[in-house]
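Now for the letters of each chain:
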Amino acid sequence: MFPSKSSKTKLFIVSTILIVAIICVFFLSLNMGTIKISPIEIIEAFTGKGSTQTFNILYNFRLPRSVIAILIGIGMAIAGAILQGVSRNSLADPGIIGINSGAGFAVILYIFFIQGSVFQVGPLSVYIMPFSALVGALIAAALIYVIAWKDGVTPVRLVLVGIGINAAFGALIIIFQLMMDPRDFTQATIWLSGSIWSASWSYVLALLPWILILVPIAISKFQSINLLQLGDNLAKGLGVSIERERGLLLLIAVGLSGACVSVGGGISFLGLLAPHLARMLVGPKNQRLLPVAALIGALLLLTSDIIAKSLMVGSEIPVGLVLSCLGAPYFIYLLIKE
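Every value quoted in this text rests on a predicted model; they were computed, and no experiment measured them.

**Here we look at the overall build of the protein**
The helix and strand tally for the protein stands at 14 helices and zero strands. Along the protein, helices (α) and strands (β) appear in the sequence α-α-α-α-α-α-α-α-α-α-α-α-α-α when read from the amino end. The C-alpha radius of gyration of the protein comes to 20 Å, within 12% of the 20 Å expected for a compact globule of 338 residues. Across the 338 residues in the protein, those meeting the buried criterion constitute 52%. Sequence separation of 24 or more characterises 77% of the internal contacts of the protein that already satisfy a separation of 6 or more. Summed over its atoms, the accessible surface of the protein is roughly 15,500 Å², and 72% of this surface lies on carbon and sulfur atoms.

**Digging into the side chain of Gln 287**
Considering the arrangement of structural elements, one finds Gln 287 in helix α13 (residues 286–311). A distance of 2.9 Å separates a polar atom in the side chain of Gln 287 from a polar atom in the side chain of Asn 226.

**A short note on the pattern of salt bridges**
One pass over the full model with this rule turns up three salt bridges. Of the charged contacts in the structure, one is a salt bridge between Arg 65 and Asp 305, with a shortest N-O distance of 2.7 Å. One end of the pair, Arg 65, is in helix α3 (residues 52–87); the other, Asp 305, is in helix α13, and 240 residues separate them in sequence. Judged by its relative accessible area of 9%, Arg 65 is buried. Judged by relative accessible area, Asp 305 falls into the buried class, the value being 1%. Arg 244 serves as the salt-bridge partner of Glu 245, at 3.4 Å between the closest nitrogen and oxygen. Each of Lys 221, Arg 244 and Glu 245 takes part in one network of salt bridges that share partners.

**Observations regarding the packing of aromatic side chains**
What the rule picks out here adds up to eight aromatic pairs. Look at Phe 46 and Phe 55: their rings are 6.0 Å apart centre to centre, the planes differ by 70 degrees, and that puts the pair in the edge-to-face class. Between Phe 105 and Phe 169, the ring centres sit 5.7 Å apart and the planes meet at 45 degrees, which makes this aromatic pair tilted. Of this pair, Phe 105 sits in helix α4 (residues 99–113) while Phe 169 is found in helix α6 (residues 155–178), placing the two residues 64 residues apart along the sequence. Like Phe 105, the residue Phe 169 is buried in the burial classification.

**Section: the packing of helix α8 (residues 201–220) against helix α11 (residues 242–264)**
Two elements in contact, α8 and α11, have axes separated by 10 Å at closest approach and are oriented at 160 degrees. In terms of axis orientation, α8 runs roughly antiparallel to α11. The handedness of the crossing between α8 and α11 comes out as left-handed. Contacts between α8 and α11 involve Tyr 203, Leu 207, Trp 210, Ile 211, Leu 214, Val 215, Ile 217 and Ala 218 on the former and, on the latter, Ile 252, Gly 255, Leu 256, Ala 259, Cys 260 and Val 263. Tallied by class, the residues present in the contact of α8 with α11 amount to 13 nonpolar, one polar and no charged.

**Description of a nonpolar patch on the surface**
A cluster of nonpolar side chains, Val 135, Ile 139, Leu 143, Val 146 and Ile 147, forms an exposed patch at the surface whose accessible area comes to about 440 Å². Its place among the elements puts Val 146 in helix α5 (residues 125–148). Assessed through its relative accessible area of 62%, Val 146 is described here as exposed.

**Details of the nonpolar core**
By size, the foremost hydrophobic cluster in this structure holds 100 residues, and its most contacted members are Ile 68, Ile 72, Ile 78, Ile 82 and Leu 207. The element contributing the most residues to this core is α3, with 17 residues. Residues within four places of Ile 82 in sequence aside, it is in contact with Ala 218, Ile 225, Leu 249, Ile 252 and Ala 253. In this structure, Leu 91, Phe 269, Phe 331 and Leu 334 belong to the second largest nonpolar core, which totals seven residues.

**Observations concerning unusual backbone geometry**
With the exception of glycine, most residues fall at negative phi, and the peptide bonds are largely trans. Of note, Arg 88 is a non-glycine position whose phi angle comes to about 55 degrees, a positive value. Structurally, the position occupied by Arg 88 is in the loop between α3 and α4. If you check the backbone angles, Phe 269 has positive phi at about 75 degrees while not being a glycine. With respect to the secondary-structure elements, Phe 269 resides in the loop between α11 and α12 (270–282). Looking at Phe 269, the relative accessible area reads 13%, which means it is buried.

**Here we look at the environment of Gly 320**
By the secondary structure assignment, Gly 320 is in helix α14 (residues 319–337). Separated by 50 residues in the primary sequence, Gly 320 and Leu 270 place their C-alpha atoms 9.0 Å from one another. For Gly 320, the residues in contact, after removing those within four places along its chain, are Ser 193, Gly 194 and Ile 267.

The rules behind the values
Residues numbered from 1 in each chain as written. Predicted model: local features only at pLDDT ≥ 70, side-chain atom pairs only at ≥ 80, totals over all residues. Heavy atoms only, no water. Helix = DSSP H or I, 4+ residues; strand = E, 2+ residues; numbered from the N terminus. Rg over C-alpha atoms; globule rule 2.2 N^0.38 Å. Buried < 20%, exposed > 50% of the residue type's maximum accessible area, 1.4 Å probe, protein only. Contact = heavy atoms within 4.5 Å. Areas by Shrake-Rupley, 256 points an atom, 1.4 Å probe, with all protein chains shown as cover. Polar contact = N/O pair within 3.5 Å; in protein donor to acceptor, adjacent residues only side chain to side chain. Salt bridge = Lys/Arg side-chain N within 4 Å of Asp/Glu carboxyl O. Phe/Tyr/Trp six-rings, centres within 6.5 Å; stacked < 30°, edge-to-face > 60°. Axes fitted to C-alpha atoms, helices over the stretch in contact; angles between N-to-C directions. Parallel < 35°, antiparallel > 145°, perpendicular 65-115°, else oblique. Left-handed = near helix turned anticlockwise from the far one by under 90°. Nonpolar A, V, L, I, M, F, W, Y, C, P; charged D, E, K, R; others polar. Patch = residues over 30% accessible without salt bridge, like charges linked within 9 Å, V, L, I, M, F, W, Y side chains within 5 Å. Core = buried A, V, L, I, M, F, W, Y, C linked by side-chain atoms within 4.5 Å.

What follows is the structure, encoded as structure tokens:
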């Protein structure tokens, strides 16, 4: 059960490369925008030697956006890895099987019934949204599990039911959007496509506790995920409390995806891509896969955000659309392979 010396060395090398890549892309993301800011100017700004304008641009706009991208990348990657491990299905992803759309629907309801834009309903709204998203994600997860249950939950049935639930919540979201004020409709559409353009330190503070609490718990549960991947009968024979562990892990995945959706919108395929890439790099054991998937998720979302900012001068493509362009072909490949 303990990793070999070679696997530890491989994990260290891969993690170091990913961390260095994240740092490089992080500085590049701070440079990107209408006003270009060089790495030297960035360092000067944060050491008190730069201009006030540069510091304000970095601190109030670009830095929280990059931090949000890292946090969402970590959260969605861990949620996807948990879902794939618990369901024993390599196609499982919060955005594909309907958990993200359930969370998004709950946030849309919250915006709709308080009769105001999500950006104009007071400072507490940003902290309330993760809890409303969590409720929606829990409802979606419960529906998927109940409908897919038939003497157990098979991987194929789980994905097919999840796709159906995703479509149903998507239709409900459109219905409520059509009843919104035109300005709220536009903002909600961009947000649901997966956008972190309006990120601020309030959003960072709203998301950070969920990541700091749930991610370490998820990584500490690597042994349970490893055993659940062996099948229920074998896991039960090895002393695992199947329903309790599966329920706890699903609750962690739902909490992470709900909190991330409340801040970044409907970012799909990140929870699919990151665990698969991690599995290719360090193998299927979750004590190595989970932390590497978290790093890959952060790197993927940071990189996608840079692409989204640079594709169109003067306007931005939602980062979720960039990830969808990357993830959809891979999902189709996996679907055919499965």
